[in-house]
Amino acid sequence: MKEINKLQLSTLIPSQLIGYSISLIIGIFIILTTFQVYKDVSPLLSGEEKLFSKDIAVVSKHITIFKTLDKSKAYFKQKEINNIEKQPFIKDIATFTPATYKINAYTNSSGNIPPFYTDLFFESIPDSYIDISPEQWKWNNNNKFIPIIIPKDYLNLYNFGFAESQGLPLLSENTISEIEFNIRLSGNGTKGEFKSRIVGFSSKINTILVPLNFMKWANNKYGKRNKKMNISRVLVEFSNPSDDRMTPFFEDNSYNINNDKLEYNKIIFLFKSAIYFFTGLAILIIMLSVSAIVLGLFLILQRNQEMIKNLYNIGYHYKQIARLYQIVLSVITLIVTTVAIVTSTIVRNTYSNRLEYLITNAKQTNTIIVFGIIITLILIVVYNILIVKRIKKIATQ
Amino acid sequence: MNIELNNIKPNYMSEAEISASDIYLQKSILFEKEKLYLIKAGSGRGKTSLLNFIYGMNLNYSGTIRYPMHSSFMSFFDLRKDKLSYMFQDFKLFQNLTTFENIKIKNSITNHKTDREIIELITKVGLKDKINTEITKLSLGQRQRIALIRAVCQPFDFILMDEPFSHLDNENIKIATEIINTELNKNRAGLILCTLENEYYFNYHKKYKL
């Protein structure tokens, strides 16, 4: 071993380096895992939000025994709609446009899905509420393709109920989105054939949605003319979904509101709080361990300032004097972060096996390695700069 | 490489203190390569200071020191590496290294001497049996000899020596003088030696009183 290395290694305090390593492993492991969990779980939390551009909910009236007798009481009057719209927490209100013609969906008996033939119904809401790329959510007059959004419940019903009992294959959102099927519209003595594909799944709106301009066109061509449109539910957009006045208003008017969103916000809030907590904790641990090792090392350098000055005075460059400390700290940091990265990855593999049942989206990218490397680089660069500066200061003072 | 001092004055000494000096506050003092200079002064006259100024260890002075042969900017690191060697009064040896390691740590900067040459020098000053002894177990005189060997383990144009033989008997001074003369010839280098009283056995080109 070179003499300078022997000389400088003897100044290091092993317990200090071990303490640093352990705390840094914990800190980096927590931060890497937290970020990855956040990334992996966020599709679960925000999957729905991707479909609709706004904070929306469906409002309908309570169906009571009396209303089943007199259907008209289940419909919204224009006055009631205006009243809802006036509420401070409501930003906008939209109605559903139903199809007034007969709709059949069927497959040609080919491919790997079972042939089916079924009656359907369509409804539409304004396109501005739907946040699917315009390429997918469009229709024009000479286009024989209709994009549709179906309730997620339909898929669940099929997967967990129907397919299970009938011995049919389970379908994920991705596979079912690949399937093209036929739509036949009929009414007014004419028929029309269209192709269709499911472009989105909604758990908020329990209906089958098609683009509004298609609906208008089709109602005009196949629909029953002059049919009075009854409004049984409306779509509201909130300006502030956590407004306190909201619940009393809907209860007083005996409106049903699909308030999954509110529950959902609570879960997201809790989840995000946990993420913030762990991120904060990890940053704290990392900062403590980094400052402990930097201060500890500075103390070592201070205590050995005579050695550093002597080395400088007999002809060593301060960069040469700094080198061993740089290497030791860089290598330890590298080992530590590698261990943290490997541990995080193992943990991720363990939990993602379970998550696969819940997440139908493609697997999220692995942020552990990239993020871990970034942290490692930052730490190593910072250490190297600090050490060289410090040793230069001590040597030349 | 020559070294030229112009109007040098330590900031911490008054003009009265240095008024009799041959060097301080003199317009131009030139130290030429391959020549030997003696600087003699009583204690507290700033001998060590002067050498530290030249070596760049202490910059608390007014005036200029020039190393004119090397006009392009050189850091003191470059200068110390293979132009200037310095045998410190307080040796500046490393306490937890052995005799041999203390010399090697210097020699490994330039690999100026082979291990064999180093061992030969240690043998010459009579410390062969102390080669793997920790420096703390050596007497002052023994340490001084090690510091001397270390100082010549680099190429140099000038060697600065501060009271180099203060702990040596005549026998050892002769050996040390011989070693230094050999190295001066090999390097075609100059010597600046500061001392209190004893002038030792060099053929000085010039003697200054500080």
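Analysis parameters
- Residues numbered from 1 in each chain as written.
- Chains lettered and ligands numbered in written order.
- Predicted model: local features only at pLDDT ≥ 70, side-chain atom pairs only at ≥ 80, totals over all residues.
- Contact = placed C-beta atoms within 7 Å.
- Helix = DSSP H or I, 4+ residues; strand = E, 2+ residues; numbered from the N terminus.
- Nonpolar A, V, L, I, M, F, W, Y, C, P; charged D, E, K, R; others polar.
- pLDDT = per-residue confidence, 0-100.
- Pairing = 2+ DSSP bridges.
- Axes fitted to C-alpha atoms, helices over the stretch in contact; angles between N-to-C directions.

(A) Main features of the interface of chain B and chain A. With 15 residues of chain B at the contact, the number on the chain A side is 13 residues. Where the side of chain B that touches chain A is concerned, the elements lending two or more residues are helix 2 (76-82) and helix 3 (99-110) of chain B. Here the side of chain B that touches chain A gets 6 residues from one element, more than from any other, and that element is helix 3 of chain B. Across the side of chain B that touches chain A, the residue classes break down as 6 nonpolar, 3 polar and 6 charged.

(B) Looking closely at the confidence of the model for chain B. All names here are of chain B. With 97% of its residues at a pLDDT of 70 or more, chain B shows a mean pLDDT of 91. Within chain B, helix 5 (residues 140-151) carries the highest mean pLDDT (96), whereas helix 2 carries the lowest (85). Across the interface, the model reports ipTM at 0.92; the global pTM reads 0.69.

(C) A look at the confidence of the model for chain A. Averaged over all residues, the pLDDT of chain A equals 84, while 88% of them reach at least 70. At the level of individual helices and strands, chain A shows its lowest average pLDDT in helix 3 (residues 65-69) of chain A, which scores 63, and its highest in helix 12 (residues 368-396) of chain A, which scores 94.

(D) Fine view of the sheet that holds strand 8 (residues 206-209) of chain B. Residue and element names in this part refer to chain B. Judged by pairing direction, the sheet is parallel, and its 5 strands sit side by side in the order 5-6-7-3-8 without closing on themselves. With partners counted over all chains shown, the strands left at the sheet margins are strand 5 (84-87) and strand 8, one partner each. Here the average twist between neighbouring strands, direction ignored, is 15 degrees. With 4 bridges connecting them, strand 3 (residues 36-40) and strand 8 associate as parallel partners. Bridging from a neighbouring strand, Lys 40 pairs with Lys 209 of strand 8. Across the sheet, helix 1 (residues 47-55) is in contact with strand 3, strand 5, strand 6 (158-162) and strand 7 (190-195); its angle to strand 6 comes to roughly 155 degrees.

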